[in-house]
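# A closer look at the structure
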Amino acid sequence: QVQLVESGGGLVQPGGSLRLSCVASGTFLSINIMGWYRQAPGKERELVALSNSGGSTNYADSVKGRFTVSRDNAKNTVYLQMDSLKPEDTAVYYCYILVQSRIWITDNYWGQGTQVTVSS
């Protein structure tokens, strides 16, 4: 029904920047929420940033002021701009989407994950 393709991960030095992208394709009425979670080795998956259809955003305290989530609704794409990266940001980052599939039905989907490594 819906597929998510992530890109933009990689290796970066502490203090550097990366921009992640996630493109959604498939059949749905609208996209209600788009955003990002991450999972570090030995830890559970945690919220990073979310954006709803009205443009409101929600960030984890650990990334607030450093990361910015944004959307291009015409392209069904969500971005995560990551600045001032720290080693503790190292994780697999997963795109998340909540879509209005039908009038009474919502469905959530996950991207395949992209590795972000912050190391000197």
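Residues numbered from 1 in each chain as written. Predicted model: local features only at pLDDT ≥ 70, side-chain atom pairs only at ≥ 80, totals over all residues. Heavy atoms only, no water.

This model, assessed by the stated rule, comprises 3 aromatic pairs. Centre to centre, the rings of Tyr37 and Trp110 are 5.0 Å apart; their planes meet at 70 degrees, and the pair counts as edge-to-face. Here the residue Tyr37 occupies a position in strand 4 (residues 30-39), and Trp110 occupies one in strand 10 (residues 105-110), the gap between them amounting to 73 residues. Taken together, Tyr37, Tyr96 and Trp110 form an aromatic cluster joined through their ring pairs. Looking at Arg19, its charged tip hangs above the ring of Tyr79, at a distance of 4.2 Å from the centre. (Phe/Tyr/Trp six-rings, centres within 6.5 Å; stacked < 30°, edge-to-face > 60°. Helix = DSSP H or I, 4+ residues; strand = E, 2+ residues; numbered from the N terminus. Lys NZ or Arg CZ within 6 Å of the ring centre and 35° of its normal.)

Considering all chains together, one arrives at 3 salt bridges under this definition. Two residues, Asp89 and Arg38, come together in a salt bridge whose shortest N-O distance is 3.0 Å. Here Asp89, found in the loop between strand 8 (77-82) and strand 9 (91-102), pairs with Arg38, found in strand 4; they are 51 residues apart in sequence, far enough to count as distant. Judged on exposure class, the residue Asp89 and its partner Arg38 are both buried. In this structure, Arg66 and Asp89 form a salt bridge, with 2.8 Å as the shortest nitrogen-oxygen distance. Taken together, the positions of Arg66 in the loop between strand 6 (57-59) and strand 7 (67-72) and Asp89 in the loop between strand 8 and strand 9 put the pair 23 residues apart, joining distant regions of the chain. (Salt bridge = Lys/Arg side-chain N within 4 Å of Asp/Glu carboxyl O. Buried < 20%, exposed > 50% of the residue type's maximum accessible area, 1.4 Å probe, protein only.)

Backbone phi values are negative for most residues with the exception of glycine, while trans is the configuration of most peptide bonds. Positive phi outside glycine occurs at Asn76, with the angle close to 50 degrees. By the secondary structure assignment, Asn76 is in the loop between strand 7 and strand 8. With phi around 50 degrees, Ser84 is a residue other than glycine that occupies positive phi space. For Ser84, the location among the structural elements is in the loop between strand 8 and strand 9. On the accessibility criterion, Ser84 (41% relative accessible area) is partly exposed.

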